[in-house]
Amino acid sequence: MKHIVVSWIGKRDLDAVDAEAGDGPVLATLRTVQPNQTYLLYNYSPADVAPYLDWLDHHAPGKLNARHAQLSSPVDYSDIYKAAEALLHEVWTTHPEAKRQILISPGTPAMQAVWILLGKTRYQADFLQASAEQGVQPVDLPFAISAEFLPLGSASDGLRLREMAAAPVPMTADFERIVTGHPNMMKLKQRAAALARFDVPVLVLGETGTGKELFARAIHNISTRSGKPFVALNCGAIPPELIDSTLFGHLKGAFTGAVRDQAGVFEQAQGGTLFLDELGELSASAQVRLLRVLQEGVITAVGDAKERPVDVRLIAATHRDLQQDIADHRFREDLFYRVAVGVLELPPLRERHGDLMPLIEHFLGAIQQTLGIDSELKLSPNARNRLLREAWPGNVRELHATLLRAALWAQDGLLGDADIRDALLGRTEDSAGIMNRSLGAGFDLDALLGHVEKHYLGKALETAGGVKKDAAQLLGLGSHQVLSNRLRSHGLDPGKAPSRSSK
Ligand SMILES: Nc1ncnc2c1ncn2[C@@H]1O[C@H](COP(=O)(O)OP(=O)(O)OP(=O)(O)O)[C@@H](O)[C@H]1O
């Protein structure tokens, strides 16, 4: 494996040419860790550094690259950042697979600080330090600087770079839609893309709203079945008496209310992918029948005597701990091993350090389009901090819903702290909260009703994926024009909204 070391050249290094002064931090480190390639930055004059570079070339292992960085002063953070960033960008993108170490000892404290900032965030690296007293040592910096602490622009640039650097399997647009810069999630995207190429069942585990369906769709879209249907079914939402007919279909007259033949989801997904969400909610008897279909590749519709062959790839998901359910005899072990051939376990949002800001930016852009807002949606600093402090028990889905609600509340495209607070309240405020406000000073009936209206407008738009016609139907409003009028009365201009959301 290629091994690269990066460092500034410091005063003690230049002094090392004089035989009395020891090796200096750079040479001492190179002798110890033996990299194949070393990249050095210096801000001394090239004439002063030339003898040192000659000398170093004689004594150091591997290939040396040194470049002059023009700094207005050795403590100017901005110039140091530019020089260090340019070097790391070049080296990290040219050698994405290499073992990368940054020697932080040579140079000024400002140079050290910039190495740590960059090496902990956009250009992940191990750090080394060298001193005459302690020798050469790895530096353990027991903290993470997540993308949340970086300015917006650089957080997303870094995201792209890290994705590029860590992507041996080419990612298609479908996987690009899964916004993340978190190393575990990027590994999961890789694994999912690899699994997509094999026609095996996949089990996606994770809390609600972590992106299980998004992964399932991405897998389908890059698989050989992409030209065929993707059918999603939430097993937890089907009444037990309808589970068989929903899965396998029924014939006309099979039971009261069966007025015509109806294909089940297996048949609807024929040739394609069936996504069974909340698989852990299936009753014991439904589990037996599902197992049989997976073993034999045939279904029997309710009321039918004939078996019909089905060719479907199954992707299942659950937020439950299926291993525990197996131990408690709630889930069949044989079914588990049938569906859990490829397993992806998505971490909750609270564990994906660095993902919040990129997701927020992504959703603000999508919501702006959905709501047809002209100017870019922006967050006030306090609103941003509030979003970053939240634990997000409903994960990415809840983050999106909160931003959508806040965007409906916001004035002039600026989402303030109060908008976010109100939007967050919307997730917990029950009818009693709304019904039991004290009358008198501060009570404002119009504002309260407006609040409720905005809550439901947002909820319907979210549920309908931004399609106004469907949202209007969900709200019992006569037409999408009525919905548009209501949105307009809250200062939004839905005339510009696309008919389909960009999500
Ligand atoms: N990493 C992500 N990048 C962009 N959008 C995301 C991401 N994760 C989730 N989303 C969005 O969040 C919403 C919820 O995601 P999804 O439906 O895939 O979650 P889920 O785990 O299947 O949820 P549930 O268990 O509640 O069905 C969707 O609108 C999805 O597009």
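Structure: above.
Predicted model, so just to flag it, every value in this text is computed and none were measured.

Asks: Help me understand the site of the ligand in this model?
Replies: Near the ligand you find 19 residues, and of these Val179, Thr208, Lys212, Asp277 and Arg397 are the closest. With respect to the ligand, the backbone of Val179 contributes an N or O atom lying 2.9 Å from a nitrogen atom. Within the side chain of Asp277, an N or O atom sits 2.8 Å from an oxygen atom of the ligand. Look at the ligand: alone it shows 630 Å² of surface, and the protein chains cover 88% of it. The class makeup of the residues in the shell around the ligand is 6 nonpolar, 5 polar and 8 charged. Counting contributing residues per domain, the shell around the ligand is built from domain 2 (195-348) and domain 3 (355-496), each supplying no fewer than three.

Asks: Which parts of the structure should I look at to understand the nonpolar core?
Replies: Core analysis: the largest hydrophobic core is formed by 38 residues, its most contacted members being Leu399, Leu403, Leu415 and Ile420. When contributions to this core are tallied by element, the ones reaching two or more residues are α15 (356-371), α16 (381-389), α17 (395-409), α18 (417-428), α20 (445-463), α21 (468-474) and α22 (480-489). Not counting the four nearest positions on each side in its chain, Leu403 is found in contact with Ile360, Phe363, Leu364, Ile367, Leu387, Leu415 and Ile420. One finds Cys235, Leu282, Leu291 and Ala340 within the second-largest nonpolar core, a separate group that totals 32 residues.

Asks: So what exactly am I meant to see when it comes to unusual backbone geometry here?
Replies: Trans is the common state for peptide bonds, and a negative phi is the common state for residues other than glycine. One non-glycine residue, Glu278, lies in positive phi territory at about 55°. Structurally, the position occupied by Glu278 is in the loop between β9 (273-277) and α12 (284-296). Classification of Glu278 as buried rests on a relative accessible area of 13%. Within the chain, Asn395 stands out as a residue other than glycine whose phi angle is a positive 60°. Mapped onto the fold, Asn395 is located in helix α17.

Rules used in this analysis
- Residues numbered from 1 in each chain as written.
- Predicted model: local features only at pLDDT ≥ 70, side-chain atom pairs only at ≥ 80, totals over all residues.
- Heavy atoms only, no water.
- Near = heavy atom within 4 Å.
- Polar contact = N/O pair within 3.5 Å; in protein donor to acceptor, adjacent residues only side chain to side chain.
- Areas by Shrake-Rupley, 256 points an atom, 1.4 Å probe, with all protein chains shown as cover.
- Nonpolar A, V, L, I, M, F, W, Y, C, P; charged D, E, K, R; others polar.
- Domains from an automatic or database assignment.
- Core = buried A, V, L, I, M, F, W, Y, C linked by side-chain atoms within 4.5 Å.
- Buried < 20%, exposed > 50% of the residue type's maximum accessible area, 1.4 Å probe, protein only.
- Helix = DSSP H or I, 4+ residues; strand = E, 2+ residues; numbered from the N terminus.
- Contact = heavy atoms within 4.5 Å.

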